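As a plain string of letters, each chain reads:
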Amino acid sequence: MRALKAANFCIYCGGMPERLTDEHVFPYALGGELVVPKSSCPKCAEKTSRLELFVLRRMFGKARAKLQMRSRRPDKRPKEHSITLIMADGSEIDRLVSIDDYPFHFTCPIYSPARALRGLLPNEGQVRKIGIWSTCDEDQVHRLRLRYGAADVSLHMTDLNSTVLCRFLAKIAHSYAFATEVQDYIPLTREFILGLDIDPNFLVGCEDAFKIVPTSDDGLFLRTWISRSHYPGFVVAFIQFFPSRDAPVYHVLVGMMHPSTGRHSG
Ligand SMILES: [Zn+2]
């Protein structure tokens, strides 16, 4: 665990209560080692841990268990998961299989690049373009097919909640930017992390517009990207879960450079 200098204030709401908790930048359960001591008030900690719990358990739970990633409550992990066998005659049979036999699979939402980086306002409409990215260990699926004589095997989707995931990505990005002491920017994500109801794709998106590959081991890296078209430039964080599986790279627009320090590259 790598602890940095204590913040001594809440990095989310700016409050300075007596009791401040330590913040894991990248979740402990996903291998995060970076900690900012005394950087969250109890109220904000409750909000951010609710996001973390949902993402780690409901969205990433099966994938984490399969990869044997660490857990604070390993005894609470399910020992079996259900699958649906699709037989040659079209009938379907639900069956429980052990974690060992259950194939690795991981599904997550993908987005267009953050609207703010494209010079667009938040989309107020109900229709949001969200894609799905999915990966699965085909060999393990094939083995199950053979074992049960099934034509196909259907793995049950995990819970996808796009807004929760985007808030969680924003939380990681915001604390990472703080931890790495990027200077002189105006933070943009705090209200969204704490629950502001705004288009998640305004500040969070996927990397296809940038072609940036995270390089650090924990799948998180931050760089300051000076926008060519939008003065005075933005601080953008890039985040990838399960880098060994080539999962999508998300980006979060963490902040805007102060006009006095942002370099305008034209
Ligand atoms: Zn707070």
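All values derive from a computational prediction rather than experimental measurement. (Residues numbered from 1 in each chain as written. Predicted model: local features only at pLDDT ≥ 70, side-chain atom pairs only at ≥ 80, totals over all residues.)

1. Focus on the overall build of the protein
Within the protein one finds five helices and 13 strands. Buried positions account for 33% of the 266 residues belonging to the protein. Pairs at least 24 apart in sequence give 69% of the contacts found in the protein among residues at least 6 apart. (Helix = DSSP H or I, 4+ residues; strand = E, 2+ residues; numbered from the N terminus. Buried ≥ 20, exposed ≤ 12 C-beta atoms within 10 Å, placed from the backbone. Contact = placed C-beta atoms within 7 Å.)

2. Observations regarding the sheet that holds strand S8 (residues 152-155)
One open sheet accounts for three strands, arranged S5-S4-S8; its pairing is antiparallel. The two strands at the open ends of the sheet, each matched to only one other strand, are strand S5 (92-98) and S8. The mean inter-strand angle of the sheet, taken between neighbouring strand axes irrespective of direction, is 35 degrees. (Pairing = 2+ DSSP bridges. Axes fitted to C-alpha atoms, helices over the stretch in contact; angles between N-to-C directions.)

3. Points about the sheet that holds strand S3 (residues 34-40)
The strand order S1-S3-S2 describes an open sheet built from three strands, whose pairing is mixed. Both edges of this open sheet fall to strand S1 (2-3) and strand S2 (21-24), since each of them pairs with a single strand only. In this sheet, S3 lies alongside S1 in parallel orientation, the contact comprising two bridges. Residue pairing across strands places Ala-3 opposite Val-35, the latter belonging to S3.

4. Things to note about the nonpolar core
Formed by 53 residues in total, the largest nonpolar core has its most connected members in Leu-169, Ala-173 and Val-252. Elements represented by at least two residues in this core include exactly helix H1 (42-59), strand S6 (105-110), helix H4 (162-179), helix H5 (190-193), strand S10 (204-206), strand S12 (234-240) and strand S13 (249-257). Counting residues per element, this core draws most heavily on H4, at 11 residues. When neighbours within four sequence positions are excluded, Val-252 is seen to be in contact with Leu-169, Ala-170, Ala-173, Thr-189, Leu-203, Val-204, Val-236, Ala-237 and Ile-239. Ranked by size, the runner-up nonpolar core spans six residues in total, among them Ile-83, Ala-150, Val-153 and Leu-155. (Core = buried A, V, L, I, M, F, W, Y, C linked by C-beta atoms within 7 Å.)

5. Overview of the packing of H1 against H4
Two quantities define a packed helix pair, namely the angle between the axes and the distance from one axis to the other. At a minimum axis distance of 9 Å, the contact between H1 and H4 shows a crossing angle of 120 degrees. With respect to H4, the element H1 is oriented oblique. In the crossing of H1 with H4, the sense of the turn from one axis to the other is left-handed. Where H1 abuts H4, its residues Thr-48, Leu-51, Glu-52, Phe-54, Val-55 and Met-59 lie against Val-164, Leu-165, Arg-167, Phe-168 and Lys-171. A breakdown of the residues in the contact of H1 with H4 according to their chemical character gives seven nonpolar, one polar and three charged. (Parallel < 35°, antiparallel > 145°, perpendicular 65-115°, else oblique. Left-handed = near helix turned anticlockwise from the far one by under 90°. Nonpolar A, V, L, I, M, F, W, Y, C, P; charged D, E, K, R; others polar.)

6. Thoughts on the UniProt feature "domain: HNH endonuclease" (unreviewed entry) in the protein
The feature "domain: HNH endonuclease" (unreviewed entry), as given by UniProt, occupies residues 10-48 in the numbering adopted here. Secondary structure over residues 10-48 splits into 18% helix and 28% strand, and the C-alpha atoms at its two ends are 12 Å apart. (UniProt positions renumbered as here; feature names shortened; annotations may be inferred.)

7. As for H1
Given a rise of 1.5 Å per residue, 18 residues ought to cover 26 Å, and the 25 Å separating the end C-alpha atoms of H1 matches this to within 8%. Of the positions making up H1, those classed as buried are Cys-44, Thr-48, Leu-51, Val-55, Leu-56 and Met-59. Taken down its axis, H1 places every buried residue within 120 degrees of arc, on the same side. (Expected span 1.5 Å × (residues − 1). Arc of directions from axis to C-beta.)

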